[in-house]
Amino acid sequence: MTFDLHHKELFAALALVLTFVAFIPYYRSIWQQKTRPHVFSWLIWAAGTVIISVAQWTDGAGIGAWPIAVSGLLTFGVVLLALARAPDTSIVKLDWLFLALALTALPLWFFTSTALSAVIVLTVVDLLGFGPSVRKAYEQPDEENATFFAIAVVRNGFVIAALENYSWTTVLFPAAVGAACILFVLLIWGRRRTANPA
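Keep in mind the model is a prediction, meaning the values are calculated, not measured.

Engineer: An account of the side chain of Ser 133 is needed here, citing residue identities and associated values.
Structural biologist: Looking at the element boundaries, Ser 133 is found in helix α6 (residues 115-139). Owing to a relative accessible area of 2%, Ser 133 belongs among the buried residues under this scheme. Here Ser 41 takes part through its side chain, which lies 2.9 Å from a polar atom of the side chain of Ser 133. Discounting chain neighbours no more than four positions away, the residues touching Ser 133 are His 38, Ser 41, Trp 45 and Phe 184.

Here it is, written out as C-alpha coordinates:
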(Lines give C-alpha, C1' and ligand atoms only; values in the text may rest on other atoms or scores of the structure.)
Protein backbone atom coordinates (compact mmCIF):
# COMPACT_ATOMS: atom_id res chain seq x y z
CA MET A 1 0.00 0.00 0.00
CA THR A 2 1.35 3.39 -0.95
CA PHE A 3 0.35 6.69 0.60
CA ASP A 4 0.06 10.05 -1.12
CA LEU A 5 1.42 13.31 0.28
CA HIS A 6 -1.87 14.06 2.03
CA HIS A 7 -1.59 10.80 3.99
CA LYS A 8 2.07 11.50 4.75
CA GLU A 9 1.10 14.90 6.17
CA LEU A 10 -1.58 13.27 8.30
CA PHE A 11 0.88 10.67 9.63
CA ALA A 12 3.44 13.39 10.38
CA ALA A 13 0.80 15.43 12.20
CA LEU A 14 -0.22 12.38 14.25
CA ALA A 15 3.44 11.71 15.07
CA LEU A 16 3.89 15.34 16.18
CA VAL A 17 0.74 15.22 18.31
CA LEU A 18 1.92 11.98 19.94
CA THR A 19 5.31 13.57 20.54
CA PHE A 20 3.67 16.32 22.58
CA VAL A 21 1.22 13.87 24.19
CA ALA A 22 4.25 11.93 25.42
CA PHE A 23 6.50 14.83 26.40
CA ILE A 24 4.06 17.18 28.19
CA PRO A 25 3.07 14.66 30.92
CA TYR A 26 6.70 13.52 31.09
CA TYR A 27 7.82 17.09 31.74
CA ARG A 28 5.07 17.44 34.36
CA SER A 29 6.13 14.18 36.01
CA ILE A 30 9.75 15.37 36.19
CA TRP A 31 8.61 18.76 37.54
CA GLN A 32 6.64 16.96 40.26
CA GLN A 33 9.69 14.76 40.89
CA LYS A 34 7.70 11.58 40.26
CA THR A 35 9.98 10.66 37.35
CA ARG A 36 13.73 10.90 37.63
CA PRO A 37 15.18 10.28 34.16
CA HIS A 38 18.81 9.37 33.78
CA VAL A 39 20.43 12.54 32.42
CA PHE A 40 23.19 10.64 30.57
CA SER A 41 20.64 8.72 28.49
CA TRP A 42 18.64 11.81 27.65
CA LEU A 43 21.72 13.82 26.68
CA ILE A 44 22.84 11.05 24.32
CA TRP A 45 19.34 10.76 22.87
CA ALA A 46 18.97 14.51 22.36
CA ALA A 47 22.22 14.98 20.46
CA GLY A 48 21.76 11.91 18.28
CA THR A 49 18.11 12.58 17.49
CA VAL A 50 18.72 16.11 16.23
CA ILE A 51 21.61 14.98 14.04
CA ILE A 52 19.61 12.03 12.66
CA SER A 53 16.73 14.33 11.70
CA VAL A 54 19.20 16.32 9.59
CA ALA A 55 20.52 13.11 7.96
CA GLN A 56 16.96 11.97 7.25
CA TRP A 57 16.15 15.34 5.73
CA THR A 58 19.16 15.13 3.40
CA ASP A 59 17.98 11.69 2.23
CA GLY A 60 14.52 12.93 1.28
CA ALA A 61 12.53 12.01 4.40
CA GLY A 62 10.62 15.25 3.93
CA ILE A 63 7.83 15.85 6.38
CA GLY A 64 8.66 12.55 8.08
CA ALA A 65 11.83 14.10 9.52
CA TRP A 66 9.95 16.83 11.40
CA PRO A 67 8.66 14.69 14.29
CA ILE A 68 12.19 13.40 14.87
CA ALA A 69 13.61 16.95 14.88
CA VAL A 70 10.95 18.21 17.29
CA SER A 71 11.52 15.17 19.50
CA GLY A 72 15.25 15.93 19.60
CA LEU A 73 14.62 19.49 20.77
CA LEU A 74 12.12 18.36 23.40
CA THR A 75 14.63 15.75 24.56
CA PHE A 76 17.13 18.52 25.32
CA GLY A 77 14.32 20.01 27.43
CA VAL A 78 14.14 16.77 29.45
CA VAL A 79 17.88 17.05 30.15
CA LEU A 80 17.55 20.61 31.43
CA LEU A 81 14.42 19.91 33.47
CA ALA A 82 15.88 16.74 34.97
CA LEU A 83 19.00 18.61 36.03
CA ALA A 84 16.94 21.41 37.55
CA ARG A 85 14.17 19.43 39.26
CA ALA A 86 15.06 15.77 39.66
CA PRO A 87 18.77 15.12 39.38
CA ASP A 88 19.65 11.45 39.47
CA THR A 89 22.55 10.91 41.84
CA SER A 90 22.76 7.15 41.26
CA ILE A 91 25.38 7.48 38.49
CA VAL A 92 27.80 4.55 38.50
CA LYS A 93 30.92 3.62 36.51
CA LEU A 94 28.88 1.66 33.97
CA ASP A 95 26.86 4.81 33.20
CA TRP A 96 30.09 6.70 32.55
CA LEU A 97 31.16 3.90 30.19
CA PHE A 98 27.93 4.20 28.17
CA LEU A 99 28.31 7.98 28.03
CA ALA A 100 31.96 7.70 26.94
CA LEU A 101 31.09 5.17 24.21
CA ALA A 102 28.29 7.39 22.94
CA LEU A 103 30.36 10.57 23.00
CA THR A 104 33.22 8.78 21.26
CA ALA A 105 30.89 7.57 18.52
CA LEU A 106 29.05 10.87 17.99
CA PRO A 107 31.94 12.61 16.16
CA LEU A 108 32.21 9.65 13.77
CA TRP A 109 29.26 10.98 11.81
CA PHE A 110 31.47 13.89 10.69
CA PHE A 111 33.89 11.43 9.11
CA THR A 112 31.34 9.25 7.35
CA SER A 113 30.88 9.71 3.66
CA THR A 114 27.12 9.11 3.49
CA ALA A 115 23.99 9.93 5.44
CA LEU A 116 23.40 6.18 5.89
CA SER A 117 26.70 5.58 7.65
CA ALA A 118 25.99 8.56 9.91
CA VAL A 119 22.53 7.18 10.73
CA ILE A 120 23.97 3.73 11.49
CA VAL A 121 26.56 5.20 13.87
CA LEU A 122 24.04 7.51 15.53
CA THR A 123 21.42 4.78 15.87
CA VAL A 124 23.99 2.64 17.68
CA VAL A 125 24.82 5.67 19.85
CA ASP A 126 21.14 6.17 20.62
CA LEU A 127 20.74 2.54 21.58
CA LEU A 128 23.80 2.85 23.83
CA GLY A 129 21.94 5.72 25.45
CA PHE A 130 19.46 3.19 26.80
CA GLY A 131 22.26 1.64 28.88
CA PRO A 132 22.12 3.98 31.89
CA SER A 133 18.31 4.06 31.83
CA VAL A 134 18.07 0.27 31.63
CA ARG A 135 20.37 -0.08 34.63
CA LYS A 136 18.41 2.52 36.57
CA ALA A 137 14.99 1.13 35.58
CA TYR A 138 16.12 -2.34 36.64
CA GLU A 139 17.13 -1.04 40.07
CA GLN A 140 14.40 1.60 40.51
CA PRO A 141 11.53 0.81 38.10
CA ASP A 142 9.10 3.18 39.83
CA GLU A 143 11.24 6.20 38.95
CA GLU A 144 10.68 5.79 35.21
CA ASN A 145 7.59 6.56 33.14
CA ALA A 146 6.66 3.55 30.99
CA THR A 147 3.77 5.42 29.36
CA PHE A 148 6.17 7.86 27.70
CA PHE A 149 8.08 5.05 26.01
CA ALA A 150 4.87 3.20 25.04
CA ILE A 151 3.63 6.34 23.27
CA ALA A 152 7.05 6.61 21.60
CA VAL A 153 6.51 3.18 20.04
CA VAL A 154 3.27 4.29 18.37
CA ARG A 155 4.75 7.66 17.45
CA ASN A 156 7.68 6.00 15.68
CA GLY A 157 5.22 3.91 13.67
CA PHE A 158 3.59 7.11 12.44
CA VAL A 159 7.03 8.63 11.76
CA ILE A 160 7.85 5.70 9.47
CA ALA A 161 4.47 6.01 7.73
CA ALA A 162 5.07 9.76 7.19
CA LEU A 163 8.44 9.37 5.47
CA GLU A 164 8.42 10.63 1.91
CA ASN A 165 11.37 8.41 0.97
CA TYR A 166 11.93 4.93 2.35
CA SER A 167 15.56 3.97 2.70
CA TRP A 168 17.81 2.59 5.38
CA THR A 169 18.80 6.19 6.13
CA THR A 170 15.24 7.29 6.83
CA VAL A 171 13.76 4.14 8.40
CA LEU A 172 16.55 2.63 10.51
CA PHE A 173 16.46 5.10 13.41
CA PRO A 174 12.71 5.23 14.10
CA ALA A 175 12.42 1.45 13.67
CA ALA A 176 15.34 0.69 16.00
CA VAL A 177 14.23 3.21 18.63
CA GLY A 178 10.66 1.89 18.46
CA ALA A 179 11.90 -1.65 19.08
CA ALA A 180 14.15 -0.47 21.93
CA CYS A 181 11.21 1.38 23.52
CA ILE A 182 9.13 -1.80 23.43
CA LEU A 183 11.88 -3.69 25.25
CA PHE A 184 12.34 -0.86 27.74
CA VAL A 185 8.61 -0.75 28.56
CA LEU A 186 8.61 -4.52 29.07
CA LEU A 187 11.61 -4.20 31.39
CA ILE A 188 9.93 -1.46 33.46
CA TRP A 189 6.65 -3.37 33.74
CA GLY A 190 8.42 -6.65 34.51
CA ARG A 191 10.61 -5.12 37.20
CA ARG A 192 7.64 -3.36 38.78
CA ARG A 193 5.82 -6.67 39.01
CA THR A 194 8.76 -8.42 40.65
CA ALA A 195 9.69 -5.47 42.88
CA ASN A 196 6.08 -4.84 43.98
CA PRO A 197 4.27 -8.21 43.84
CA ALA A 198 0.51 -7.93 44.38
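Engineer: Can you explain unusual backbone geometry? Please cite residues and give values.
Structural biologist: Located in the positive-phi region is Gln 33, a residue other than glycine, with phi close to 60°. Note on placement: Gln 33 falls in the loop between α1 (5-31) and α2 (39-58).

Engineer: Before we move on, could you go through the side chain of Gln 56 and cite the residues and values that matter?
Structural biologist: As for its placement among the helices and strands, Gln 56 is situated in helix α2. Under the relative-accessibility criterion, Gln 56 is labelled buried at 0%. In contact with Gln 56, other than residues within four places in its own chain, are Ala 61, Ala 65, Ile 68, Thr 169, Thr 170 and Pro 174.

Engineer: Tell me about the environment of Ala 47, residues and numbers included.
Structural biologist: Turning to its location among the elements, Ala 47 is positioned in helix α2. Residue classification places Ala 47 among the buried positions, given a relative accessible area of 19%. As for Ala 47 and Phe 20, which are separated by 27 residues in sequence, their C-alpha atoms are 19 Å apart.

Engineer: Run through the packing of aromatic side chains, naming residues and quoting values.
Structural biologist: Under the defined criterion, the tally for this structure stands at 17 aromatic pairs. Ring centres 5.2 Å apart and planes at 35° place the aromatic pair Tyr 26 and Trp 42 in the tilted group. Of this pair, Tyr 26 sits in helix α1 while Trp 42 is found in helix α2, placing the two residues 16 residues apart along the sequence. Each of the two residues, Tyr 26 as well as Trp 42, counts as buried. Taking 6.4 Å as the distance between ring centres and 55° as the angle between the ring planes, the aromatic pair formed by Phe 130 and Phe 149 counts as tilted. Taken together, the residues span a long stretch of sequence, with Phe 130 in helix α6 and Phe 149 in helix α7 (residues 146-162) at a distance of 19 residues. In this structure an aromatic cluster arises from ring pairing among Phe 23, Tyr 26, Tyr 27, Trp 42, Trp 45, Phe 130, Phe 148, Phe 149 and Phe 184. Positioned above the aromatic ring of Trp 31 is the side chain of Arg 85, whose terminal nitrogen or guanidinium carbon lies 4.2 Å from the ring centre.

Conventions we followed
- Residues numbered from 1 in each chain as written.
- Predicted model: local features only at pLDDT ≥ 70, side-chain atom pairs only at ≥ 80, totals over all residues.
- Heavy atoms only, no water.
- Helix = DSSP H or I, 4+ residues; strand = E, 2+ residues; numbered from the N terminus.
- Buried < 20%, exposed > 50% of the residue type's maximum accessible area, 1.4 Å probe, protein only.
- Polar contact = N/O pair within 3.5 Å; in protein donor to acceptor, adjacent residues only side chain to side chain.
- Contact = heavy atoms within 4.5 Å.
- Phe/Tyr/Trp six-rings, centres within 6.5 Å; stacked < 30°, edge-to-face > 60°.
- Lys NZ or Arg CZ within 6 Å of the ring centre and 35° of its normal.

Functional significance is not addressed by these values, which are geometric in nature.
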